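# Descriptive structure summary
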Amino acid sequence: TQAMAAAMQNQEQKAAEHGFANGVQPIAGAVVEPPSRLPGASTLSEANSSDKTGTEALDGQNHTIDTLDRVRVDSTGRAMTTNQGVLVADNQNSLKYGVRGPALLEDFILREKITHFDHERIPERIVHARGSGAHGFFEAYAPLTQYTKAAPFQAKGKRTPVFVRFSTVQGARGSKDTARDVRGFAVKFYTDEGNWDLVGNNIPVFFIQDAMKFPDLVHAVKPEPHHHMPEAASAHDTFWDFVSLMPESTHMLMWVMSDRAIPRSFATMQGFGVHTFRLVNEQGESRFCKFHWTPLAGTHSLVWDEAVKISGADPDYHRRDLWERIESGNYPEYELGVQVFTEEEADRYSFDILDATKIVPEEMVPILPVGRMVLNRNPDNFFAETEQVAFCTAQVIPGIDFSNDPLLAGRIHSYVDTQISRLGGPNFHEIPINSPVVQVHNNQRDGMHRQAIHRGRVAYEPNSLAGGCPFQAGAAQGFVSVPARIQAKEEQGKVRAKPEKFADHYTQATLFYESQTPVEQVHIANAFRFELSKVTVPAIRERMVAGLRNASEQLAKMVADGLGMDPMPDPLPRALPNPPQPEVMKSPPLSLLSRPGQAPLMGRKVAMLVAPGVVAGPLLRLQEALLAQGVVGRFVGSRIGGFETASGDVVQADASLENEPGFLFDALVLPDGDEAVAALAQDGHTAEWIKDQFRHCKTILAMGASRKLLTQAGIPIAMDKSLAQGGTGLIVVDGDAAEAGLEAFVQALAKHRHFGREMDPPLV
Ligand code: HDE
């Protein structure tokens, strides 16, 4: 009790220091002003409009930075309270009858604390459970009024706040970032005409054509139900059993086995709306549209061996990368582009634009750049924002509409439905991260966790008692669905069937494979080899190779060879033996390597090894030059802390060979200095570092004496004369040529990878 009294006195003193009346300031959350008291605010979301965007998003400013103060909690200088606002005197001990006596049921403070804790978790998403989010804005390049009346596209320079969530699909919330998987790319636009969610992926096609098959697909790919393995992986029997029986998945499998499924960063992957949508203008004219996000930093991926290793050393690799890019001001940026085409044009295509397993090649309909998205603010609280955000394909605004894609139709139903159970009732649109910046007025009432306090006695329409309010906006302003053309075939009445062109399962799989560079084709074959070699039932492997023969004999042969399958099985029978002649046989933009980006260096991480006696001058100069380009250069030693350099100064290592393994970096610099090189050669980690950098085709600069470390690691320096010039990203220079080496290093780094030295199986 004495200690308690002292603690209370201490609290009071602290509170007094902060100038609170009576020395205490009970506070139940950072309620700046209760929403109902804000001038003019009559609903929760109305109050939000000033919080989230400050003023109308029209003024060209990004107000997402000063958002949501209404619900932010900052306990600096505050005393602790219960959820009812009662000050807590002691947060260490439960209430007992005597110090060694029984705990008392009346301890409402303990019970409130434990009860809340017991319910801290909510169900995770059934798919896309593991995600990372960021705030930012979308900025239109020019008015797109010719095609759409959608709010974000009405004026040049207009900024609309956004929240983005990137995700993997298969793994649980606590699984790893670098699994081979599709990545979700979901964008919520808080527009001044309501929320618009573009819930896309980093791959423009999907496994299935009809929502009817989605639960089957997800059950097949998720950990197998009897033993719940494998987590965050598709390399198992049930997935390949299902897809090998569903030839419509072949095109998607090409993408998922490509390097697209192991991105280097969320900032270096594309995003796609996948389905065909509609743009609708003021005149009510509608055109079809496909949405594309293209990263400014270029499209870059990991290699498989690297992805596997990273998942052990840093399962949060992508989440950390996103967080650090934003904290360091290297904001991830993406250009939004649209492919716009008419219904009449679509009717002439060799494929069906309602089929989500098909793309519209850029050679047929070029991508029109319409704006950019910048992610410039990390969430304040992972749970409140990234976990509680609820995206939904049904959330469209005037100017955007749906096509009849049967997969999209299923999604329009699914998202709200799943969120009602995940977020505990129908009012999750009132959770701050989900609520629109415009006012919400309707007669929907009650339900679990209702936040808004509706005034008056009217909750119906039409009414006279509230002057008819809220009234319907009418066709001029409100959302009006496009009266989509009913096609002749649909006059067949109700059917459970597919249009004929849906049955062409292979043409675009071939297009994708043929459009890749030889290096990328090998990666696709190797990914099939890896995944199928984990399948235990030979018949499944054979059926898959039989299906691949319809897409590419070359690929099927490489996969079969990798699986020791000789002879190859006969090709699977085709559902459509004579598919229409495709318009495009090769589409180079489908290759990742074709999109270097405008800021390819931004966000890269370079390791510079240090040890006692290191020649630090060139390293320090390089670090500065890299920083100017948004590249982080870190000193890595056998331990963290200071190392004396050859010139008697000290360099500080903030990472160690042990705690940040080499594969977490994009490039490696080995320093000059006899003593330093001798020390590094003594540490077995060094050779592992160098081998991984070499095997993963990353840029390596070896200066002066450090050439010895390459030899020790078994790197074939004499393999190729051009290596000395950095032709394959291995730059070896004498100590007095350090400057030239640094220049060559920066140039080689911009290439990301040097696949010229890749060998299968690896040489080193
Ligand atoms: Fe989803 N999907 N999906 N999906 N999806 C969900 O919604 C669903 C599909 C996508 O970061 C769920 O709130 C059906 C295609 C993303 O919160 C669920 C079908 C594409 C996210 C759901 C599809 C996506 C989801 C699970 C077939 C790319 C994560 C939790 C008809 C265009 C959003 C949730 C976030 C999440 C259903 C197919 C993208 C169950 C029924 C195609 C990015 O409602």
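- An unreviewed UniProt entry annotates the protein chain as Catalase of Ramlibacter cellulosilyticus.
- What UniProt records for the protein chain under Cofactor (unreviewed entry) is the sentence "heme".
- Within the UniProt record for the protein chain, the comment given under Sequence similarities (unreviewed entry) is "Belongs to the catalase family. HPII subfamily."

### Some points on the site of the ligand
- Around the ligand there are 26 residues in total, and His128, Gly184, Ala211, Val274 and Gly410 lie nearest to it.
- Counting only elements with at least two residues in the shell around the ligand, the list comes to β2 (159–168), β3 (183–191), β4 (194–201) and α11 (406–422).
- Counting residues per element, the shell around the ligand draws most heavily on α11, at seven residues.
- Here the residues of the shell around the ligand sort into 13 nonpolar, ten polar and three charged.

### Examining the UniProt feature "binding site: heme" (unreviewed entry) in the protein chain
- Per the UniProt record, "binding site: heme" (unreviewed entry) is found at Arg125, Arg165, Phe214, Arg411, Tyr415 and Arg422.
- Turning to its location among the elements, Arg125 is positioned in the loop between α3 (108–118) and β1 (131–140).
- Residue classification places Arg125 among the buried positions, given that 20 C-beta atoms sit within 10 Å.
- Assessed through the 16 C-beta atoms surrounding it within 10 Å, Arg422 is described here as partly exposed.
- With residues up to four places along the chain from it excluded, the contact list for Arg422 reads Ile122, Pro123 and Arg125.

### Remarks on the environment of Leu198
- Relative to the helices and strands, Leu198 is located in strand β4.
- Leu198 sits in the buried class, given 25 other C-beta atoms within 10 Å.
- As for Leu198 and Gly133, which are separated by 65 residues in sequence, their C-alpha atoms are 14 Å apart.

### Brief notes about the nonpolar core
- Within the largest apolar cluster, 163 residues are counted, with the highest numbers of intra-cluster contacts made by Val559, Met608, Val610, Leu668, Val669 and Ile731.
- Three or more residues apiece are contributed to this core by two domains, here domain 2 (131–220 + 263–430) and domain 3 (605–757).

### Notes on the domain arrangement of the protein chain
- Each domain of the protein chain was delimited in the assignment, giving domain 1 (1–29 + 74–120), domain 2 (131–220 + 263–430) and domain 3 (605–757).
- Each of domain 2 and domain 3 was reduced to a C-alpha centroid, and the two centroids are 38 Å apart.
- Facing the nine residues of domain 2 at the interface are eight residues of domain 3.
- Tallied by class, the residues present in the side of domain 2 that touches domain 3 amount to three nonpolar, two polar and four charged.

Definitions and limits used
- Residues numbered from 1 in each chain as written.
- Predicted model: local features only at pLDDT ≥ 70, side-chain atom pairs only at ≥ 80, totals over all residues.
- UniProt positions renumbered as here; feature names shortened; annotations may be inferred.
- Near = placed C-beta within 6 Å.
- Helix = DSSP H or I, 4+ residues; strand = E, 2+ residues; numbered from the N terminus.
- Nonpolar A, V, L, I, M, F, W, Y, C, P; charged D, E, K, R; others polar.
- Buried ≥ 20, exposed ≤ 12 C-beta atoms within 10 Å, placed from the backbone.
- Contact = placed C-beta atoms within 7 Å.
- Core = buried A, V, L, I, M, F, W, Y, C linked by C-beta atoms within 7 Å.
- Domains from an automatic or database assignment.

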